[in-house]
Amino acid sequence: MFRLSDLFIFLAVAISFALSSYLWFNGYREQGLFTALWVPSILAFGIYVKVSALLARSE
């Protein structure tokens, strides 16, 4: 199931996506693209944390 840390990661992704969409559609296209790059970075960080926790538990 989802843990609290997973929910924080998803919340950060949702905020980043919403902010990038807002910037893009209000004419700040470069800032919107920059902010959109945060989404995969945050997801990759979340995957790293999840895998690290799973490996630490299995040892």
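Below: a short report on this structure. Computed from a prediction, not measured in an experiment: that's the story for all the values here.

For the pair helix H2 (residues 29-36) and helix H3 (residues 38-58), the least separation of the axes is 5 Å and the interaxial angle reads 10°. In terms of axis orientation, H2 runs roughly parallel to H3. Across from Phe34, Thr35 and Ala36 in H2, the residues of H3 making contact are Trp38, Val39 and Pro40.

Under the defined criterion, the tally for this structure stands at 1 aromatic pair. Arranged with centres 5.8 Å apart and planes meeting at 75°, the rings of Phe34 and Trp38 form a pair that is edge-to-face. Over the aromatic face of Trp24 sits the side chain of Arg29, whose NZ or CZ is 4.3 Å from the ring centroid.

In this section: the packing of helix H1 (residues 4-25) against H3. The contact between H1 and H3 brings their axes to 9 Å, and the two run at 175°. Classified by the angle between their axes, H1 and H3 sit roughly antiparallel to one another. Contacts from Asp6, Ile9, Ala12, Val13, Ser16 and Phe17 in H1 reach Trp38, Val39, Ile42, Leu43, Phe45, Gly46 and Lys50 in H3. Of the residues belonging to the contact of H1 with H3, the class tally is 9 nonpolar, 2 polar and 2 charged.

Together, Met1, Phe2, Leu4, Leu7, Phe8, Phe10, Leu11, Ile15 and Leu43 line one region of the surface with nonpolar side chains, adding up to about 1000 Å² of accessible area. Considering the arrangement of structural elements, one finds Leu4 in helix H1.

Our focus in this paragraph is the pattern of salt bridges. One pass over the structure, following the stated rule, counts 1 salt bridge. Residue Lys50 is joined to Asp6 by a salt bridge in which the shortest nitrogen-to-oxygen separation is 2.9 Å. Taken together, the positions of Lys50 in helix H3 and Asp6 in helix H1 put the pair 44 residues apart, joining distant regions of the chain. Accessibility expressed as a relative area gives 13% for Asp6, which makes it buried.

Rules and cut-offs
Throughout this description, residue numbers start from 1 for each chain and increase along the sequence as written. This being a predicted model, a pLDDT of at least 70 is required before a residue's local features are given, and a value of 80 or more before pairs of side-chain atoms are given or counted; all residues contribute to the totals for chains, interfaces and linings. Just so you know, side-chain values use all the structure's heavy atoms and leave hydrogens and water out. In this analysis, axes come from line fits to C-alpha atoms, helices being fitted only over the stretch in contact, and the angle between any two N-to-C directions falls in the range 0 to 180 degrees. Only runs of H or I of at least four residues qualify as helices and only runs of E of at least two qualify as strands under DSSP, and these elements are numbered from the N terminus. An angle counts as roughly parallel when it lies under 35 degrees, as roughly antiparallel when it exceeds 145, as roughly perpendicular when it falls between 65 and 115, and as oblique in every other case. Working rule for contacts: check all heavy atoms of both residues, and any pair within 4.5 Å makes them a contact. Note on ring pairs: Phe, Tyr and Trp rings are taken, using the six-membered ring of Trp, and paired if centres are within 6.5 Å. Classes follow the plane angle, with under 30 degrees stacked, over 60 edge-to-face and the rest tilted. Here, over-ring charges are defined by two tests on the NZ atom of lysine or the CZ atom of arginine: distance to the ring centre within 6 Å, and angle to the ring normal within 35 degrees. Each residue receives one of three labels: charged for Asp, Glu, Lys and Arg, nonpolar for Ala, Val, Leu, Ile, Met, Phe, Trp, Tyr, Cys and Pro, and polar for the others, Gly being one of them. Like-charged residues are merged into a patch within 9 Å and nonpolar side chains (Val, Leu, Ile, Met, Phe, Trp, Tyr) within 5 Å, provided each residue has over 30% relative accessible area and no salt bridge. Here the Shrake-Rupley method, with its probe set to 1.4 Å, supplies the accessible areas, and only the displayed protein chains count as covering residues. A pairing counts as a salt bridge when a side-chain nitrogen of Lys or Arg comes within 4 Å of a carboxyl oxygen of Asp or Glu. To sort residues, take the accessible area from a 1.4 Å probe on protein chains only and compare it with the maximum for the residue type: under 20% means buried, over 50% means exposed, and anything in between is partly exposed.

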